[in-house]
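Architecture at a glance
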Amino acid sequence: MTARHLLLLAGDGIGAETMAQVERVLTVLRNAGLDTTWDSAPLGGASLDLHGTPLTAETLARAKQADAVLLGAVGGPKWENLDFALRPEQALLTLRKELGLFANLRPAICFPALAESSSLRSELISGLDLLIVRELTGGVYFGEPRGIETLASGERRGVNTQTYTTSEILRVAEIAFTLAAERSGKLVSVEKSNVMESGVLWREEVTALHQKNWQTLSLSHMYADNCAMQLVRAPKQFDVILTDNLFGDLLSDVAAMLTGSLGMLPSASLGDRRPDGLRPALYEPVHGSAPDIAGKSLANPCASLLSLAMALRWSFARPDLAEALESAVEETLAQGFRTPDLMTTTRESNNHLRQASTTEMTDKILDNLG
Ligand code: IPM
Ligand code: MG
């Protein structure tokens with residue numbers, strides 16, 4: 001096997017700091033035998049400031065050539081009032097679309113040491129391990145027509161369109177069933193078929209696929225509003241949740257917060273297999289660019305490092321290294337090390353914790369990686 005190539009796109013805000021930690025870990029893994037090369041390029045606001053566009057044609061081409069892309073975060077107040085086409089977020093949306101990354105995997109795992117950091121009672125979330133499979137290149141994010149028009153009356157009208165085709169639903173559902181089969185065998189498909197035709201189609205196609213290929217698994221359906229409620233009422237009832245782009249955006253933030261901190265959650269976005277069997281892939285932490293704490297070494301590097309672990313598993317065929325890295329993170333938390341986002345709100349429960357900066361947290365993780 002030839003060396004796999006990784007493109008690092010640090011982006012904006014805390015992205016630079018967390019990506020620096022990824023590079024430290026990559027260097028250690030490479031010295032320990034991981035056959036990989038990497039390089040980096042600016043993205044989002046950083047690219048806009050340098051090149052006048054949040055994603056240059058060259059960066060896009062390099063992302064397509066790479067075996068995997070690892071992203072930091074994009075966006076910040078400096079670029080908030082620009083046209084959609086120039087906003088940092090557009091870089092991310094274009095990458096997803098152009099690389100065909102239709103399946104977004106967002107695991108929400110509650111590490112035992114963090115059960116106290118959740119906004120829910122710890123018995124509700126300890127041991128939580130669920131996976132949201134979010135459709136990522138369709139639905140209202142990309143549907144046409146879209147825009148803001150001025151009506152004859154002079155009133156303005158904003159339009160976005162929710163659309164899904166059979167094939168768009170089936171390909172992401174197939175991935176969700178495949179993953180559910182490797183886990184508990186339980187899939188919940190989420191839409192609003194009580195109100196939306198696209199939701200009716202979604203339910204019908206997922207049901208048909210279940211009948212055709214996956215009858216041994218348990219499939220149930222849930223309306224998105226009920227799912228949001230169930231996630232905060234009794235999250236452990238879920239294993240794999242399959243849902244569309246917009247509902248997945250909302251529900252994955254809810255699921256993320258259940259685990260104690262947005263700073264812990266990785267994600268993988270995958271496309272169709274290439275001829276060499278590898279799926280094009282983009283890995284990124286679920287948290288954003290957090291401009292308020294950027295540059296202060298306060299950011300939690302765990303979500304980025306766990307995203308690297310997902311890359312090791314999905315793009316580098318190194319589940320052994322993925323597990324080692326995940327265990328090193330878990331061990332570091334168990335030892336009481338915490339970036340500020342993970343400190344609990346009561347002082348007593350913080351007594352046994354040791355606050356760590358972004359780099360100190362990574363030092364400990366590297367120690368535990370052995
Ligand atoms: C996410 C983010 C993005 C989205 C933004 C930054 C465009 O919220 O990945 O969940 O809405 O998909
Ligand atoms: Mg989101």
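Cut-offs applied
- Residues numbered from 1 in each chain as written.
- Chains lettered and ligands numbered in written order.
- Predicted model: local features only at pLDDT ≥ 70, side-chain atom pairs only at ≥ 80, totals over all residues.
- Heavy atoms only, no water.
- Helix = DSSP H or I, 4+ residues; strand = E, 2+ residues; numbered from the N terminus.
- Buried < 20%, exposed > 50% of the residue type's maximum accessible area, 1.4 Å probe, protein only.
- Contact = heavy atoms within 4.5 Å.
- Lys, Arg positive; Asp, Glu negative; His and termini not counted.
- Charge placed at Lys NZ, Arg CZ, Asp CG, Glu CD.
- Core = buried A, V, L, I, M, F, W, Y, C linked by side-chain atoms within 4.5 Å.
- Domains from an automatic or database assignment.
- Pairing = 2+ DSSP bridges.
- Axes fitted to C-alpha atoms, helices over the stretch in contact; angles between N-to-C directions.
- Buried area = accessible area lost by both parts, 1.4 Å probe.
- Salt bridge = Lys/Arg side-chain N within 4 Å of Asp/Glu carboxyl O.
- Polar contact = N/O pair within 3.5 Å; in protein donor to acceptor, adjacent residues only side chain to side chain.
- Nonpolar A, V, L, I, M, F, W, Y, C, P; charged D, E, K, R; others polar.
- Expected span 1.5 Å × (residues − 1).
- Arc of directions from axis to C-beta.

1. As for the overall build of the protein
A tally of regular secondary structure across the protein gives 13 helices and 14 strands. Dimensions of the protein, computed from C-alpha atoms along their principal axes, come out at roughly 60 × 50 × 50 Å. In the protein, which comprises 370 residues, the proportion classed as buried is 53%. Look at the contacts in the protein between residues 6 or more apart in sequence, and 73% of them connect residues 24 or more apart. Distance between charge centroids for the protein: 1 Å, based on 33 positive and 45 negative side chains.

2. A few points about the nonpolar core
Residues Leu 105 and Met 264 are the most contacted members of the largest nonpolar core, which totals 87 residues. Lining this core are residues from two domains, each supplying at least three of them: domain 1 (1-102 + 271-370) and domain 2 (111-260). The next biggest cluster of nonpolar side chains, apart from the first, holds 17 residues, and it includes Ala 91, Leu 95, Leu 99 and Leu 282.

3. Observations regarding the sheet that holds strand E3 (residues 68-73)
In a beta sheet, neighbouring strands are held together by backbone hydrogen bonds and run either parallel or antiparallel to one another. Pairing within the open sheet is mixed, and its 10 strands lie in the order E2-E1-E3-E12-E11-E4-E5-E10-E8-E9. Every interior strand has two partners, whereas the edge strands, strand E2 (36-40) and strand E9 (218-223), have only one. Ignoring which end each strand starts from, the neighbouring axes of this sheet average 20 degrees apart. The strands touched by helix H1 (residues 15-31) are strand E1 (4-11), E2 and E3; relative to E1, the strand with the most contacts, the crossing angle is about 160 degrees.

4. Overview of the domain arrangement of the protein
Put simply, an interface is often sized by how much accessible area is lost when its parts join up. As far as domains go, the protein holds domain 1 (1-102 + 271-370) and domain 2 (111-260). Contact with domain 1, which involves 18 residues of that partner, is made by 17 residues of domain 2. Where domain 1 abuts domain 2, roughly 1700 Å² becomes buried across the two surfaces, and 70% of that area is made up of carbon and sulfur atoms. It is Arg 96, Lys 97 and Phe 102 in domain 1 that bury the most area against domain 2; as a group they hold 36% of the surface buried on that side. If you look at where domain 1 meets domain 2, you find 0 salt bridges. Our enumeration of links across domain 1 and domain 2 arrives at 3 residue pairs in polar contact (both at pLDDT 80 or more). Taken together, the elements giving at least two residues each to the side of domain 1 that touches domain 2 come down to helix H4 (88-98), helix H10 (302-314) and helix H11 (319-334). At 4 residues, the largest contribution of residues to the side of domain 1 that touches domain 2 is made by H11. Its residues assigned to classes, the side of domain 1 that touches domain 2 comprises 9 nonpolar, 3 polar and 6 charged.

5. What to know about helix H7 (residues 197-213)
Between its first and last C-alpha, H7 extends 24 Å over 17 residues, near the 24 Å set by a 1.5 Å rise per residue. By the burial criterion, the buried members of H7 are Ser 198, Gly 199, Trp 202, Glu 205, Val 206, Leu 209 and His 210. All buried residues of H7 project into a common sector of 140 degrees when viewed along the axis, lining one side. Set apart from the buried face of H7 by more than 90 degrees, the exposed residues are Glu 197, Glu 204 and Lys 212. If you follow the buried residues of H7, they end up packed against strand E5 (129-135), helix H6 (166-182), strand E8 (186-191), E9 and strand E10 (240-243).

6. Thoughts on the pairing of strand E6 (residues 147-150)
One ladder, built from 4 bridges, connects E6 with strand E7 (residues 156-159); its direction is antiparallel. Among the inter-strand pairings, Gly 147 is bridged to a residue of E7, identified as Val 159. Linking two consecutive strands that pair antiparallel, namely E6 and E7, is a turn of 5 residues; a positive phi of about 95 degrees is found at Gly 154 within it.

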